[in-house]
Amino acid sequence: FERPAEPGRPIGLYIHIPFCRKRCKFCYYKVYTDKRSGQVQRYLDAVVREAALYARKKSVEGRPLRFVYFGGGTPSFISAKHLRTLVDGLRRELDWSAVEEVTFECEPGTLTEAKLRAIREVGVTRLSLGIENFNDQILEENGRAHTTREVVRVEPWLREINFDQLNID
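Right, let's walk through the structure included here. Source: prediction; values computed, not measured.

## With respect to the pairing of strand S4 (residues 126-129)
Residues Arg 126 and Ser 128 line one face of S4 and the alternating positions Leu 127 and Leu 129 line the opposite face, and both faces are buried. Pairing analysis gives four bridges linking strand S3 (residues 101-106) to S4, with the strands arranged parallel. Pairing of Thr 103 across the sheet is with Arg 126, part of S4. Each parallel crossover has a hand, and for S3 linked through helix H3 (residues 113-121) to S4 it is right-handed. Two elements, S4 and strand S5 (residues 165-168), share four bridges in a ladder whose sense is parallel. Bridge pairing in S5 links Leu 129 to Ile 168.

And the structure:
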């Protein structure tokens, strides 16, 4: 069944990006560690097509987004080109005029300065950096793909790009 239309009342959007460099030992999410660029693009195209279907539902139609959350998996696994294409497609299908926050989860080892700039350029206001721990032995034991060296590497870029909010988990 479908809820009645509530024009003007904002909604939130969660986009699941199910790709990772490596599956952590504690992960229970649906993720893939073996996908290539073309496979990633097919998934992202399907996300945009699904957003278009929802945008025409009475319960969504005419309602602006208040927040957008890119989670995963590891959203920062996708390329800057993939990200721009995804966000452009979502903006075509849904009203982003009232968006107050756009959150994007990142794994430090997937980041470059150029990718961080692209993440900021598409409107991300809160970067969620999945550090998990600053001890490489614990990171390795948990099956994390990154090391503390990769965390330290991205820190100057984060300062320079100046996201509105930065959280670490």
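## Some details on the packing of helix H2 (residues 80-93) against H3
Across the interface, H2 lies against H3 with an axial gap of 9 Å and an inter-helix angle of 10 degrees. One element, H2, and the other, H3, form an angle in the roughly parallel class. In this structure, H2 contributes Ala 80, Leu 83 and Arg 84 to the contact, and H3 contributes Lys 115, Ala 118, Ile 119 and Glu 121. Split into classes, the residues belonging to the contact of H2 with H3 amount to four nonpolar, no polar and three charged.

## Concerning the side chain of His 82
Assignment of secondary structure puts His 82 in helix H2. When its relative accessible area of 7% is taken as the criterion, His 82 is described as buried. Here the side chain of His 82 touches Ser 37 through a polar contact of 3.3 Å, side chain to side chain. Leaving out residues up to four positions away in the same chain, His 82 has contacts with Ser 37, Val 40, Gln 41 and Leu 44.

## A word on the layout of surface pockets
Volume-wise, the largest pocket comes out at about 470 Å³. As for the largest pocket, its lining consists of 25 residues, and the residues nearest its centre are Gly 72, Gly 73, Glu 105, Glu 132 and Arg 144. Elements supplying a minimum of two residues to the lining of the largest pocket: strand S2 (65-72) and S3. Each residue belonging to the lining of the largest pocket can be placed in one class, and the counts come to 11 nonpolar, six polar and eight charged. The volume enclosed by the second largest pocket comes to roughly 270 Å³. What lines the second largest pocket is a set of 15 residues, and nearest its centre among them are Leu 13, Tyr 14, Ile 15, Ala 51 and Tyr 54.

## Digging into a nonpolar patch on the surface
Residues Phe 134, Leu 166 and Ile 168 make up a contiguous nonpolar surface patch of about 320 Å² in total accessible area. You can see Leu 166 is positioned in strand S5.

## Here's the deal with the pattern of salt bridges
As enumerated under the stated definition, the model contains 10 salt bridges in all. Linking Arg 84 and Glu 121 is a salt bridge whose minimum nitrogen-to-oxygen distance equals 3.2 Å. Of this pair, Arg 84 sits in helix H2 while Glu 121 sits in helix H3, placing them 37 residues apart in sequence. By relative accessible area, which is 57% here, Glu 121 ends up exposed. Note that Glu 113 and Arg 117 form a salt bridge whose closest N and O atoms lie 3.0 Å from each other. Residue Glu 113 and its partner Arg 117 are located together in helix H3, separated by four residues, close to a single helical turn. Looking at Glu 113, the relative accessible area reads 28%, which means it is partly exposed. Connected via shared salt-bridge partners are Arg 21, Glu 107 and Glu 150.

The rules behind these values
As a convention, each chain's residues are numbered from 1 in the sequence order in which they are written. Only residues with pLDDT of at least 70 are given local features in this predicted model, and only at 80 or more are side-chain atom pairs given and counted; all residues enter the totals for whole chains, interfaces and linings. Excluding hydrogens and water, the side-chain figures rest on all heavy atoms present in the structure. We call a residue buried when its accessible area falls under 20% of the maximum for its residue type, exposed when it is over 50%, and partly exposed in between, using a 1.4 Å probe and counting protein chains only. Think of it this way: any DSSP run of H or I at least four residues long counts as a helix, any run of E at least two long counts as a strand, and we number them from the N terminus. Following DSSP output, two strands are said to pair if at least two bridges run between them. Place the viewer so that the strands point away; then a crossover is right-handed whenever the path from the first strand over the helix to the second strand goes clockwise. Lines are fitted to the C-alpha atoms to define the axes, a helix being fitted only along its stretch in contact, and any angle between axes, read from their N-to-C directions, falls within 0 to 180 degrees. Should an angle lie under 35 degrees it is considered roughly parallel, over 145 roughly antiparallel, and from 65 to 115 roughly perpendicular; all remaining angles are considered oblique. In this analysis, two residues are considered to be in contact whenever any of their non-hydrogen atoms come within 4.5 Å of each other. Each residue gets one of three labels, nonpolar for Ala, Val, Leu, Ile, Met, Phe, Trp, Tyr, Cys and Pro, charged for Asp, Glu, Lys and Arg, and polar for the others, Gly among them. Polar contacts, as used here, are pairs of N or O atoms within 3.5 Å; protein pairs need one atom able to donate a hydrogen and one able to accept it. Residues neighboring in sequence count only if both atoms are side-chain atoms. Within this scheme a cavity is a closed region of a 1 Å grid, computed over the protein atoms alone, that accommodates a 1.4 Å probe without allowing it to escape, whereas a pocket is open but has protein on both sides within 12 Å along at least five of seven lines; lining residues each have an atom within 4 Å of a point. Grid points are joined across faces, edges and corners, and a volume is the space filled by probe spheres set on the points. For patches, a residue must show more than 30% relative accessible area and have no salt bridge; joins then use 9 Å for like charges and 5 Å for nonpolar side chains, namely Val, Leu, Ile, Met, Phe, Trp and Tyr. Here the open area of atoms and residues is found with the Shrake-Rupley method and a 1.4 Å probe, where only the protein chains shown may cover a residue. By convention in these notes, a salt bridge is any Lys or Arg side-chain nitrogen within 4 Å of a carboxyl oxygen on Asp or Glu.

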